[in-house]
Amino acid sequence: MALFSRFDDALKATAPDAVSINTHPDTHARFALQALRAGAHVFVEKPLAGTVREARSIVALAGRAGRKVVVGYILRHHESWNRFIAIARTLGKPLVMRMNLNQQSAGPEWATHKQLLRSMSPIVDCGVHYVDVMCQMTRARPVRVHAIARG
């Protein structure tokens, strides 16, 4: 098996039909665009990109290139979450949702989590799940989302 230290070198050397992007979130958009330009279909872990502008550029390039982009997002497909959504829909519509995300880790795991925090805010990386679940529960689109991150 060949090993590469640069993503673009791997694309050129292997000319893959599809690429799976499972890297730190701040690389997703750049790698997806590179893979699409190389003619590959793309599977990318969420988030697709750090900004709406980047996400739109990926979607536009995929359309022009005739390539597929699939975002890995388990909560839309996991049986336990689907059941949770179904039950929640019977309880009435919540008007406000509050999320507290407390990642706890130690030792080597904390070093990994610190790197992820440097790569992208947990509000973007994880908060999208909670907003999406709220939208599924209410069958509505968000009007406004506010978030505060503490460093």
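A quick note: this is a predicted structure, and the numbers were derived from the prediction, not measured.

**Description of the overall build of the protein chain**
1) Next: Helices and strands together make up the secondary structure of the protein chain, namely seven helices and three strands.
2) Next: Sequence-ordered secondary structure for the protein chain, helices as α and strands as β, is α-β-α-β-α-β-α-α-α-α.
3) Next: Oriented by its inertia axes, the alpha-carbon framework of the protein chain measures out at about 55 × 40 × 30 Å.
4) Next: In the protein chain, once contacts between residues fewer than 6 apart in sequence are set aside, the share between residues at least 24 apart is 63%.

**Looking at the nonpolar core**
1) Next: By size, the foremost hydrophobic cluster in this structure holds 18 residues, and its most contacted members are Val19, Ile21, Leu36, Val42 and Ile58.
2) Next: When contributions to this core are tallied by element, the ones reaching two or more residues are strand E1 (18-21), helix H2 (28-37), strand E2 (41-45) and helix H3 (52-65).
3) Next: Residue contributions to this core peak at six residues, all from H2.
4) Next: Within the second largest apolar cluster, six residues are counted, among which are Tyr73, Leu75, Ala88 and Met137.

**Some points on the environment of Thr138**
1) Next: Relative to the elements of secondary structure, Thr138 occurs in helix H7 (residues 127-138).
2) Next: Take Thr138: its relative accessible area is 10%, and that puts it in the buried class.
3) Next: Distance in space between the C-alpha atoms of Thr138 and Ile21 is 31 Å, their sequence separation being 117 residues.
4) Next: Engagement of the side chain of Thr138 in a polar contact is seen with the backbone oxygen of Met134, the distance being 3.0 Å.

**Some words on the pairing of strand E3 (residues 69-72)**
1) Next: Strand direction decides the pairing type here: E2 and E3, joined by four bridges, are parallel. In the strand pairing of E3, Val44 is matched with Val71.
2) Next: In terms of handedness, the path from E2 via H3 over to E3 forms a crossover that is right-handed.

**Here we look at the pairing of E1**
1) Next: Here E1 shows one buried face, formed by Val19 and Ile21, and one open face, formed by Ala18 and Ser20.
2) Next: Taken together, the four bridges between E1 and E2 define a ladder with parallel strand orientation. Counterpart to Ala18 in the pairing with E2 is His41.
3) Next: The parallel pair E1 and E2, bridged by H2, forms a crossover whose chirality is right-handed.

**Notes on the sheet that holds E2**
1) Next: The parallel open sheet is built from three strands, whose spatial order is E1-E2-E3. Each having just a single partner strand, E1 and E3 make up the two edges of the open sheet. Strand after strand, the sheet turns through a mean of 15° between neighbouring axes, direction not considered.
2) Next: On the sheet, H2 packs against E1, E2 and E3 and is oriented at approximately 170° with respect to E2.

**Considerations on the confidence of the model for the protein chain**
1) Next: Summary statistics for the protein chain give a mean pLDDT of 87 and a share of 93% for residues scoring 70 or more.
2) Next: Mean pLDDT in the protein chain bottoms out at helix H6 (residues 122-125), which sits at 72, and peaks at E1, which reaches 98.

**Thoughts on unusual backbone geometry**
Where the residue is not glycine, phi is negative for most of them; where a peptide bond is considered, it is trans in most cases.
1) Next: Note the cis peptide between Lys46 and Pro47, where omega equals 0°.
2) Next: Relative to the helices and strands, Pro47 resides in the loop between E2 and H3.
3) Next: For Arg139, which is not a glycine, the phi torsion comes out positive at approximately 55°.
4) Next: When you line up the elements, Arg139 lands in the segment after H7.

What counts as what
Residues numbered from 1 in each chain as written. Predicted model: local features only at pLDDT ≥ 70, side-chain atom pairs only at ≥ 80, totals over all residues. Heavy atoms only, no water. Helix = DSSP H or I, 4+ residues; strand = E, 2+ residues; numbered from the N terminus. Contact = heavy atoms within 4.5 Å. Core = buried A, V, L, I, M, F, W, Y, C linked by side-chain atoms within 4.5 Å. Buried < 20%, exposed > 50% of the residue type's maximum accessible area, 1.4 Å probe, protein only. Polar contact = N/O pair within 3.5 Å; in protein donor to acceptor, adjacent residues only side chain to side chain. Pairing = 2+ DSSP bridges. Right-handed = clockwise from strand over helix to strand, strands pointing away. Axes fitted to C-alpha atoms, helices over the stretch in contact; angles between N-to-C directions. pLDDT = per-residue confidence, 0-100.

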